[in-house]
Amino acid sequence: MVDAVVARYRLPGIAVGVIENGQVAYTVTRGETVAGSGAKITSRTLFKIASNSKAMTTALLGRLVDEGKLGWDDPVAKYLPGFRMSDPWVTRNMRVADLLTHSSGLPEGGGDLMLWPEPNGFTRQDIIHGLAFIKPGYGFRSQYQYDNLLYVVAGEVAAAAGGASYEALMHREVFEPLGLSRCQVGSWSRDAVGDLAQPHYQKDGRNLPMREDGPTIPAITSDAAGGIRCDLTDMLAWAQNWLAPTPAQLQWLSAAQRRVLQSPHMLIPVSEQRRAWDHTHVMAYGYGWRMADVDGQWVVWHTGTLGGMYSMLALLPDRKSGFVFMINGEAEDARTVLGEVLTKHFTDPADARGVKWYADALEREAAQRPPAARPPDATAAATVEPATFAWNGRYRDPWFGEILLCPHGDRVQWTSRKSPRMHGTVKRLGARYLVRWDDDAVDLDAWLDPHPGSPPTLTMAKLDPKGDFSSDYEDLHFERIGDCP
């Protein structure tokens, strides 16, 4: 299965582990930490686990609840007096638990441009301040829409209740008691820790490294939502803690809190694909975990996605079994396919469809997308000449901050004051402007729509309507505040 997925999607590297009846039954690693380097992936290679960090954050909160330092139903403002949502009623009624279930009213991925692409200049206080200016996409507690910002807030709640930084608490309360000796969060030395997988993107059929680590890995704003790195050995130990906890681990986190974290708290709509592939009837979100019935068996899992890094951790609690894998390349479909065939190993071992069948099915589905759901062909987009562009100036969005739309040689450049990787060239495609990002690693280009007025305003939207929700251009609303410097 693993080799078939690696070959089908030309993955630069992967680490996979399988647990059966509480014991590690299989591990395999393939590929390189950096494509072409000759440095092989091992069971000790650190990967960014991205949103699989969320379950570690909720476990930390559960520890604080066990210790009496925090309550799930406590108001967020009890710990963070400056916390504000756009609706004062929601601000008053937002509980710690509400930070964890993706049902706050924030639109899907709302505000994620304060987190990615990294590095950027947004702080956790910027996020807490900016939440008040992000317009809700639906009613509080009424539906599931995935967000990351409130997990950053949850990390700050943990820090306030626990009396130390989120990073210090994670080391002290989670990594050390569970023996996760290689897991890292916060600021640390690349060379002292060693053996790090680097993210990759694909260009012209080649895997190219992107955003490679420097000598010092900094603490990042998004640590509580997706900033932890672990190796395969530690991720398997983390999974075993949930599947077959030892008496010491049950002292580390009580059975009551374990049930709370992995119980359904917010229903998630079940897709047609999931109904067809997995016979799923119910899907839900707990605290940092997703869960669903798959072929009549209960599966608890989460995925992780960052630019050039993909992961999945799945548990079948009733069987004390599960698996984990981490990939250091572009791997959205690869993760879906490998996750499916590994799940079927447990839930439907007679399933003969295999990697090729599921991969072909995803390709057919993509080919059948209606034109309105596909990105336009932007190869004919023409670079806008500065003299013909009437919208030059400084603009500001209340949560994203200031941008410049200014002449730069023979082109107009879009640049962000706080997100330095977001700089791009303004182009024209048909009747609309678009921004083509200069950094190949920022691959989701954006429509740019000026609106006359006093002052003039700008809105943006994803060029690919099905693009990654963390490129939440639709939540931006810029007003002109001055001329170009």
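Summarised in this report is the structure supplied together with it. Worth saying up front: this structure is predicted, and the values here are computed from it rather than measured.

Okay, the overall build of the protein next. Across its full length, the protein holds 15 helices and 23 strands. In terms of overall dimensions, the protein is globule-like: its C-alpha atoms have a radius of gyration of 23 Å, near the 23 Å expected for 485 residues. Along the longest, intermediate and shortest principal axes, the C-alpha atoms of the protein span 70 × 50 × 45 Å. In the protein, buried positions account for 57% of the 485 residues.

Inspection of the entire model under this criterion finds two disulfides. Two residues share a disulfide in this structure: Cys183 and Cys230, whose sulfurs sit 2.1 Å from each other. Disulfide Cys183-Cys230: torsion about the S-S bond near 115°, hence right-handed. A residue pair is termed long-range when its members are at least 10 positions apart, and Cys183 in the loop between helix H7 (166-178) and strand S4 (188-189) and Cys230 in strand S8 (residues 229-230) qualify at 47 residues. By the burial criterion, Cys183 is buried, and Cys230 matches it. Ordering the disulfide-forming cysteines of the protein by sequence position, one finds them joined as 1-2, 3-4.

What follows covers unusual backbone geometry. Glu118 connects to Pro119 through a cis peptide bond whose omega is -10°. For the bond running from Ser454 to Pro455, omega is 5°, close enough to zero to count as cis. Note that Pro455 resides in the loop between strand S21 (446-451) and strand S22 (457-462). Phi angles above zero are rare outside glycine, and Asn21 is one such case at about 50°. Assessed through its relative accessible area of 56%, Asn21 is described here as exposed. For Asp204, which is not glycine, the phi dihedral falls at a positive 55°. Relative to the elements of secondary structure, Asp204 occurs in the loop between strand S5 (200-203) and strand S6 (206-209). For Asp204, a relative accessible area of 75% corresponds to the exposed category.

Two elements in contact, helix H1 (residues 2-9) and helix H14 (residues 332-347), have axes separated by 10 Å at closest approach and are oriented at 160°. The orientation of H1 with respect to H14, classified from their angle, is roughly antiparallel. Considering how the two elements wind past one another, H1 and H14 form a crossing that is right-handed. Between H1 and H14, the contacting residues are Val2, Val5 and Tyr9 on the first element and Asp333, Ala334, Val337 and Leu338 on the second. Grouping the constituent residues of the contact of H1 with H14 by class yields six nonpolar, no polar and one charged.

Conventions we followed
Residues numbered from 1 in each chain as written. Predicted model: local features only at pLDDT ≥ 70, side-chain atom pairs only at ≥ 80, totals over all residues. Heavy atoms only, no water. Helix = DSSP H or I, 4+ residues; strand = E, 2+ residues; numbered from the N terminus. Rg over C-alpha atoms; globule rule 2.2 N^0.38 Å. Buried < 20%, exposed > 50% of the residue type's maximum accessible area, 1.4 Å probe, protein only. Disulfide = S-S within 2.5 Å. Axes fitted to C-alpha atoms, helices over the stretch in contact; angles between N-to-C directions. Parallel < 35°, antiparallel > 145°, perpendicular 65-115°, else oblique. Left-handed = near helix turned anticlockwise from the far one by under 90°. Contact = heavy atoms within 4.5 Å. Nonpolar A, V, L, I, M, F, W, Y, C, P; charged D, E, K, R; others polar.

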